[in-house]
Amino acid sequence: MSELLDLTAAQTAASLRAGEVSTDELFDHSRARAANDDLGAFLWVAEDAPPPVSAQAPLAGVPLAVKDIFCAEGVPSTSGSRILEGYRPAYTATVVERLAAAGAPMVGKTNMDEFAMGSSNENSAYGPVRNPWDRERVPGGSSGGSAAAVAAGIAPWAIGTDTGGSIRQPASLCGLVGLKPTYGSVSRYGMIAFASSLDQAGPITRDVTDAALLFRHMVGRDPCDSTSLDHPEEIELPQADRLDGLRFGVPPELSGEGIEPGVLTVLKDVLGRVEHLGGTVNETRLPHSPHGLSAYYVLAPAEASANLARYDGVRYGLRAGNGDLLSMYEHTRAEGFGDEVKRRIMLGTYALSSGYYDAYYGRAQRVRTKIVADFASAFESCDFVITPTSPSVAFRIGERTGDPLAMYLSDYCAVPASLAGLPAISIPGGLSEGLPVGIQLVGPAFSENRLLQAAHALEGAIAFPTGPPPT
Ligand code: GLN
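Note that this is a predicted model, so its numbers are computed, not measured. (Residues numbered from 1 in each chain as written. Predicted model: local features only at pLDDT ≥ 70, side-chain atom pairs only at ≥ 80, totals over all residues. Heavy atoms only, no water.)

## Side note on helix α9 (residues 325-336)
We count it as follows: Only DSSP runs of H or I covering at least 4 residues are called helices, and only runs of E covering at least 2 are called strands; the numbering of each starts at the N terminus. The span expected for a helix works out to 1.5 Å for each residue beyond the first. Pairing of N or O atoms within 3.5 Å defines a polar contact, subject to two protein rules: one partner must be a possible hydrogen donor and the other a possible acceptor, and residues neighboring in sequence count only if both atoms are side-chain atoms.
Here α9 is twelve residues long and its end C-alpha atoms lie 16 Å apart, about the 16 Å a rise of 1.5 Å per residue gives. You can read the cap of α9 off the contacts: a side-chain oxygen lies 3.3 Å from the backbone nitrogen of leucine 326, and it is on aspartate 324.

And the structure:
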């Protein structure tokens, strides 16, 4: 039974269909593992078995770990924050509902950086998460619990959210596949908002096939989210094992200075494999991408400051203060939000204030437009942009907590695709210092099918083990 959870979800589904194990047994096993997890990956574990799921359902009853940013009816949903302690939503996020309907029942809610602000999971109000590759190191963030749960074999697959790297970077640090879809292709309804023009849900899985499987049941327009739209293509399961005729662009801006040498070595190795599989590799400039982080850290806090105004002690979770209205507002927010969230609210409020709006928010929006244009011109001469996902391997717990700027740099390579709303996937490219290194592919809007095909072919050539980390 234990070995079952070390398989990919598609392999597990095959065992379920063959009747080697029942959906109930598998769910119970995953639930027991989650309840005994000593990585800190889970904030809540399902108490009861789900309504019976048929192994013939599209996702066969393979249990799913769900980042705690997704609302689920009657289930604690905290977004990693003290301010939502005790909040049990009256409704379920569209993606969670769709995946459950397709046969992937929620086994638990995973730990995360508070309101998805962070790159290490250390900003969670409920404690850090340990990386199963090295328990003294972070799993990445903000979807750190989801990544650790899959890497440790507690759940066969998981969903997370990515605003500026939070699916791709933890996938990279934990040796997994993470897909951030095209903005708008997945409903945000029931996802606790951080920065609404960037937030997007996606899969964190052991391999590319699993990512395609989950994604195909997440996509599509949802009347409850006016920014969602139907994907122009049916999502296929990738089969490609060659890259003939495909052009890969390497932007020097995201693959040189500031990237660890061991990460660059893995990138070089993967580029060699691209050519071996029939693809071509060329330099592609993304001249404004070095300004991505600066723009992101104006825009995301600006949107967050507006989105988080709703937590005032009246409607959700925590209520503090002496009963007087102003004291309730002040104390609820002072006690309920952690330091990073307060920092972002202050930054965002400042950037949006009337005297500074143009100098900060307006300018950051113009940089965002430049980055969109950079990608558009890059895709005239290449099919995909390829970069490291993260400038470094998993860092030590505590190493970057004292220096927010060092922490922000973790998403240097991930943020440009977020600002441009483009789909991007991280796949394990190899190891450096015995730790996983993720490689990111970015494609044009709605190119998920082609992105998954290319990632599948590369994955086959890289042959990174999909089982649990070596002990
Ligand atoms: N690490 C980035 C941040 O702190 C990205 C987070 C995310 O994608 N949710 O904002």
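## A short note on the nonpolar core
The test is simple: Put simply, a nonpolar core is a bunch of buried Ala, Val, Leu, Ile, Met, Phe, Trp, Tyr and Cys residues held in one set by side-chain atoms that sit within 4.5 Å of each other. Accessible area is worked out with a 1.4 Å probe on protein chains only. A residue is then buried under 20% of its type maximum, exposed over 50%, and partly exposed in between. Any pair of residues with heavy atoms lying within 4.5 Å of one another is described as a contacting pair.
In this structure, Phe70, Phe115, Ile159 and Ile386 are the most contacted members of the largest nonpolar core, which totals 141 residues. Element by element, the count of residues in this core is highest for helix α8 (residues 292-307), at nine residues. If sequence neighbours within four positions are ignored, phenylalanine 115 has contacts with Ser79, Ser81, Ile83, Leu84, Ile192, Phe194, Leu308, Tyr311, Phe337 and Val341. If you look at the next biggest cluster of nonpolar residues, it comprises five residues, including Leu173, Ala394, Phe395 and Met407.

## Considerations on helix α1 (residues 9-17)
Note the threshold: This arc is taken over the directions from the axis of the helix to the C-beta atoms.
Those residues of α1 not exposed but buried are Ala9, Thr12, Ala13, Ser15 and Leu16. Projected down its long axis, α1 carries its buried residues within an arc of 160 degrees, all on one side. Those residues of α1 that are buried are in contact with α2 (23-35), β4 (157-162) and α6 (208-216). Downstream of α1 by a residue or two, glycine 19 has a phi angle that is positive, lying close to 75 degrees.

## Details of the site of the ligand
To keep things clear, this is the line we draw: When we say a residue is near a molecule or strand, we mean one of its heavy atoms is within 4 Å of it. Accessibility throughout is a Shrake-Rupley quantity obtained with a 1.4 Å probe, and a residue counts as covered only by protein chains that appear here.
Among the 15 residues in the neighbourhood of the ligand, the closest are listed as Gly164, Ser166, Tyr296, Arg344 and Asp411. Between the ligand and serine 142, the relevant distance is 3.5 Å, taken from a nitrogen atom to a side-chain nitrogen or oxygen of the residue. Between tyrosine 296 and the ligand, the recorded distance is 2.6 Å, taken from a side-chain N or O atom to an oxygen atom. Relative to its unbound accessible surface of 290 Å², the ligand loses 100% to contact with the protein.

## Brief notes about the packing of α8 against helix α11 (residues 358-381)
How two helices sit against one another is set out by the angle between their axes and by the gap between those axes. What counts is decided by this rule: For helices, the fitted line uses only the C-alpha atoms of the stretch in contact; every axis is such a line through C-alpha atoms, and the angle between N-to-C directions lies from 0 to 180 degrees. By the definition adopted for this analysis, an angle is roughly parallel if under 35 degrees, roughly antiparallel if over 145, roughly perpendicular if from 65 to 115, and oblique otherwise. Left-handed describes a crossing whose near helix is turned anticlockwise from the far helix by less than a right angle; the clockwise case is right-handed. Classes in brief: Ala, Val, Leu, Ile, Met, Phe, Trp, Tyr, Cys and Pro nonpolar; Asp, Glu, Lys and Arg charged; the others, Gly included, polar.
Remark: α8 packs on α11, axes separated minimally by 9 Å, with the N-to-C direction vectors making an angle of 125 degrees. Relative to α11, the element α8 is oriented oblique. The handedness of the crossing between α8 and α11 comes out as left-handed. Only Tyr360, Tyr361, Ala364, Gln365, Val367, Arg368 and Ile371 of α11 make contact with α8, whose side of the interface consists of Gly292, Ala295, Val298, Leu299, Ala302 and Glu303. Of the residues in the contact of α8 with α11, the class split is nine nonpolar, two polar and two charged.

## Quick notes on the sheet that holds strand β11 (residues 435-442)
The test is simple: For two strands to pair, DSSP has to find at least two bridges joining them.
An order of β1-β3-β2-β4-β6-β5-β10-β11-β9-β7-β8 is seen for the eleven strands of this open sheet, with the pairing classed as mixed. For this open sheet the edge positions go to β1 (42-45) and β8 (280-283), each flanked by a neighbour on one side alone. For this sheet the average axis-to-axis angle between neighbouring strands, irrespective of direction, equals 30 degrees. In terms of strand pairing, β4 meets strand β6 (residues 200-205) through five bridges, oriented antiparallel. Residue pairing in the sheet places threonine 161 in a bridge with alanine 201 of β6. Relative to the sheet, helix α3 (residues 94-101) contacts β2 (64-67), β3 (106-110) and β4, its axis offset from that of β4 by approximately 160 degrees. Docked against the sheet, helix α14 (residues 448-462) engages β5 (177-180), β7 (247-250), β9 (384-388), β10 (424-432) and β11, running at close to 15 degrees with respect to β10.

## Side note on the environment of serine 197
Mapped onto the elements, serine 197 comes out in the loop between β5 and β6. For the pair serine 197 and glycine 421, spaced 224 residues apart in sequence, the C-alpha separation works out to 8.5 Å. Contact partners of serine 197, with chain neighbours within four places excluded, come to Tyr183, Glu303 and Arg368. Polar contacts involving the side chain of serine 197 include one to the side chain of glutamate 303, which spans 2.5 Å.

Taken by themselves, the reported measurements are silent on function.
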